[in-house]
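Observations on the model geometry
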Amino acid sequence: MAAAAVRASLMITCLGDVLFPEVGVAMVRLLRRLGVEVDFPEGQTCCGMPLFNSGYHHDAAQVAARTVKLFERAEHVVVPSGSCAWMVRSEYPGLLKHDPVLRAAADSLARRTRELSQFIVEVLGVTTIESPFEGKVTYHDSCHLLRGLGESAAPRTLLRGVSGVELVELPGADECCGFGGSFSVRLPEVSASILDKKLANVESTGARCLVACDAGCLMQMGGGLTRRGSAVKAVHLAQVLSGEGPA
Amino acid sequence: MSDALRTPFSGRAGAALKDAFLQEALKIATTKFIDLRKESFSGFPQGEALRDRARAIKEATLQHLDVHLERLADHVERLGGTVHWATTAEEARGIVLRLCRDRGVRTAVKSKSMATEEIDLNEALEHAGVTPIETDLGEYIIQLAHEKPSHIIAPAIHKTKGQVAELFSRELRGEFPADPEVLTAVARKALREKFLQADMGITGANFAVADTGTVVLVTNEGNGRMVTSLPRIHVALMGVEKVIPSMSDLVVFLAILARSATGQKLSSYTTLVRGPRRAGELEGPEEFHLVLLDNGRSRQIASTLREALYCLRCGACLNVCPVYRQIGGHAYGYTYPGPIGILLTAMLKGNASVRELAHASSLCGACKDVCPVRIDIPRMLVELRGHLDREKIAPWTERVVFKAFRRLLLSPTAFRLSATVGRWLQRPFVRQGRLRGLPLLFGRWTRTRDLPPVAARTFREQWKDLR
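1. Quick look at the environment of B:Arg12
Residues and elements named next belong to chain B. Counting through the fold element by element, Arg12 comes out in helix 1 (residues 9-17). On the basis of relative accessible area, Arg12 is assigned to the buried category, the value being 11%. Separated by 318 residues in sequence, Arg12 and His330 place their C-alpha atoms 8.2 Å apart.

Rendered as structure tokens:
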């Protein structure tokens, strides 16, 4: 490639690190294939959204301050989760507003941070990716990517760009899966009841894979699918695009 | 405290999930409302700008609420009406009861009003020997059933038509089929007599126009018109935040209110009331009273909950809320259900009353998307949760857990170590590569869903090979 390579730092997220490392690995391979120079700041832990959403704002601000410093020098920050990207882009500046230096750093990080599909389409300008992944898939809009970051097109564009993939629309794709972070354990029955409705819709599509761009939703929907013994697999967009999803 | 509130919220929600009738009724009704709203706005491109305008009007009006209220009061009085100021629910009830007593009122017909629900007016009237009759069909149904509204605009949304037929057959002595048209006719006949007997008509107000002293009622059944014109006394009771400056502002709100609520361009009836009957007029009440209810509202103007005062009570946020759609309105336990109801409850009853309710949202943001005045409900719920922490209303056990979690997130070493510990602890619970039947807090997850185990090698550990 003639132009200087795009450099991106991975914000792998807590769930991505500990529960879904295969998503991160798929993302690294995918980004490298697209000519991106990838690094992983090893001091990272979590964006602090669980603290923030539960009302522990002072605590979340401490985590935000740490994260902002850790990614200070990153050219781009890529996140495999819409909700964590939303947290950084929409909430960090407000959380750090009392310290002008941190506030400026948070504003800067917000501008440099993208959820994976947005990064590929907006920053790299790529809409077609070759992948051996095949079959009928359906896509769930995670709430924070859709309503928080206003993104519904990029993931669909990328899925349609894979030649072997047939994308079928999910009825009620824009409805919550019932995860909602701590909501899923504070009100487990309500959360599961919302999930049931979502999974009935998923199964009605006849897709073999359910694709999403958020580790939280994938944990919820994937956990529901295996529990009910469904043949449908929950996969991350990165796994489809890198061809490393389940066979 | 009502009986319902003796069970914790999670228990009330759990019971609602098991109620098959409720589940059926909710599914049908909320889906219908969602589709109607979507269709109505899709053919109305100017709707988005009107929503911005409506929000701006609310914002500006609240900043000078006192001025607008005084102008409203002034105009109502010039029209021959009487204005009453109620700081609390108790004062508001007292005002209405005094009017009833002084004027020998035995029966009062009511048009649908959440403000009167908020102050438990019906109970107070009954206690004082005045019979209140709800004349909105939905309200009539729940009054017969001795229940409370479960939706802001569709109070009997939790009932199927079969249940209504049973209720009418029992209470009105007859054999009525589960046919909405027949049931409506039955109610209509029963209510007709009540309208003619009533000494007082009680309404709420969707808006009150400061410039003209006009009280505006947005309804669909025509009962509102009879309530405001047949009895000799009309009492309108409204929250102070319902005042808007001018008739041109009213046009903005009317263009989006019914679309948001029921998907109608306008509701079937938009009733504009200006004072009592004037000399030479053929109809209208002899007396008109406007009760301006504060009940904790004005002290919120400068608070983080301020935006909740913009609410038009259209109910759109309830219809799209995944939690409301699963549990209905009664499980919330207070007058105002749904996501906006949590904020209004905090506003009216204090933060401690929403200790559990503040978390009855997945923060999915669907409510914010449909709100005609774009109230950022998820943000305010998060703010409210912040108050629960800072005011130490959140349970201490929860606070301890979250503070410990913060320490974990601030130390990469501790974070890494927790993955190692988790891997070790999870061993007895791994079945076919998934976690099932976990103990303690984790059981709340694994009761209904599998959990992926802590990976054999975390991403951090794999990164060494990827570099």
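Having seen the model, we can carry on.
2. What about the nonpolar core?
With 201 residues, the main nonpolar core has A:Leu10, A:Ile120, B:Phe207, B:Ile327 and B:Ile340 as its most contacted residues. Broken down by element, the residue count for this core peaks at 8 residues, all from helix 12 (residues 247-261) of chain B. Those residues in contact with A:Ile120 that lie beyond four places of it in its chain are A:Leu30, A:Leu34, A:Gly125, A:Val126, A:Ile129, A:Leu158 and A:Leu241. Of all hydrophobic cores here, the second largest spans 21 residues; its members include B:Ala89, B:Val105, B:Leu125 and B:Ile202.

3. Describing a nonpolar patch on the surface
Side chains of B:Leu417, B:Val421, B:Trp424 and B:Leu425 sit close together on the surface and give an oily, nonpolar patch of about 440 Å² of accessible area. For B:Leu417, the location among the structural elements is in helix 19 (residues 412-425).

4. Structural notes on the packing of helix 9 (residues 161-171) of chain B against helix 10 (residues 180-197) of chain B
Residue and element names in this part refer to chain B. Packing of helix 9 against helix 10 leaves a shortest axis separation of 10 Å and a crossing angle of 35°. For the pair helix 9 and helix 10, the sense of crossing is left-handed. Packed against helix 9, whose contacting residues are Lys161, Val164, Ala165 and Phe168, the element helix 10 presents Pro180, Leu183, Val186 and Ala187 at the interface. The residue inventory of the contact of helix 9 with helix 10, partitioned by class, reads 7 nonpolar, no polar and 1 charged.

5. A few points about the packing of helix 2 (residues 20-42) of chain B against helix 12 of chain B
Residues and elements named next belong to chain B. The N-to-C vectors of helix 2 and helix 12 enclose an angle of 145°; their axes lie 7 Å apart at closest approach. When helix 2 is examined against helix 12, the residues Phe33, Arg37, Ser40 and Phe41 are found in contact with a partner set consisting of Ile256, Arg259, Ser260 and Ala261. Here the residues of the contact of helix 2 with helix 12 are counted per class, giving 4 nonpolar, 2 polar and 2 charged.

6. A look at the interface of chain A and chain B
Put simply, an interface is often sized by how much accessible area is lost when its parts join up. Contacts between the two partners involve 64 residues from chain A and, on the opposite side, 62 residues from chain B. Summed over both sides, the interface of chain A with chain B buries roughly 5500 Å², with 61% coming from carbon and sulfur. Summed over the three residues of chain A that lose the most area to chain B, namely A:Tyr56, A:Arg186 and A:Arg227, the buried surface amounts to 13% of that side. On the surface where chain A and chain B come into contact, there are 9 salt bridges. The residue B:Arg325 makes a salt bridge to A:Glu175 at a minimum N-O spacing of 3.5 Å. Counting residues per element, the side of chain A that touches chain B draws most heavily on helix 11 (residues 188-204) of chain A, which supplies 9 residues. In the side of chain A that touches chain B, the residues fall into 29 nonpolar, 21 polar and 14 charged.

7. Examining helix 5 (residues 89-102) of chain B
All names here are of chain B. Compared with an ideal rise of 1.5 Å per residue, which puts 14 residues at 20 Å, helix 5 spans 20 Å between its outermost C-alpha atoms and is within 8% of the ideal. Those residues of helix 5 that fall on the buried side of the exposure criterion are Ala89, Ala92, Ile95, Val96, Leu99 and Cys100. Mapping the buried residues of helix 5 onto a view down its axis gives an arc of 130°, with all of them on the same face. Exposed residues lying more than 90 degrees from the buried face of helix 5 are Glu90, Arg101 and Asp102. Of the surrounding elements, those touching the buried residues of helix 5 are strand 1 (82-86), helix 7 (121-127), strand 4 (200-203), strand 7 (233-239) and strand 10 (287-293). Positive phi appears at Gly104, one or two residues downstream of helix 5, with a value of about 65°.

The rules behind the values
Residues numbered from 1 in each chain as written. Chains lettered and ligands numbered in written order. Predicted model: local features only at pLDDT ≥ 70, side-chain atom pairs only at ≥ 80, totals over all residues. Heavy atoms only, no water. Helix = DSSP H or I, 4+ residues; strand = E, 2+ residues; numbered from the N terminus. Buried < 20%, exposed > 50% of the residue type's maximum accessible area, 1.4 Å probe, protein only. Core = buried A, V, L, I, M, F, W, Y, C linked by side-chain atoms within 4.5 Å. Contact = heavy atoms within 4.5 Å. Patch = residues over 30% accessible without salt bridge, like charges linked within 9 Å, V, L, I, M, F, W, Y side chains within 5 Å. Areas by Shrake-Rupley, 256 points an atom, 1.4 Å probe, with all protein chains shown as cover. Salt bridge = Lys/Arg side-chain N within 4 Å of Asp/Glu carboxyl O. Axes fitted to C-alpha atoms, helices over the stretch in contact; angles between N-to-C directions. Left-handed = near helix turned anticlockwise from the far one by under 90°. Nonpolar A, V, L, I, M, F, W, Y, C, P; charged D, E, K, R; others polar. Buried area = accessible area lost by both parts, 1.4 Å probe. Expected span 1.5 Å × (residues − 1). Arc of directions from axis to C-beta.

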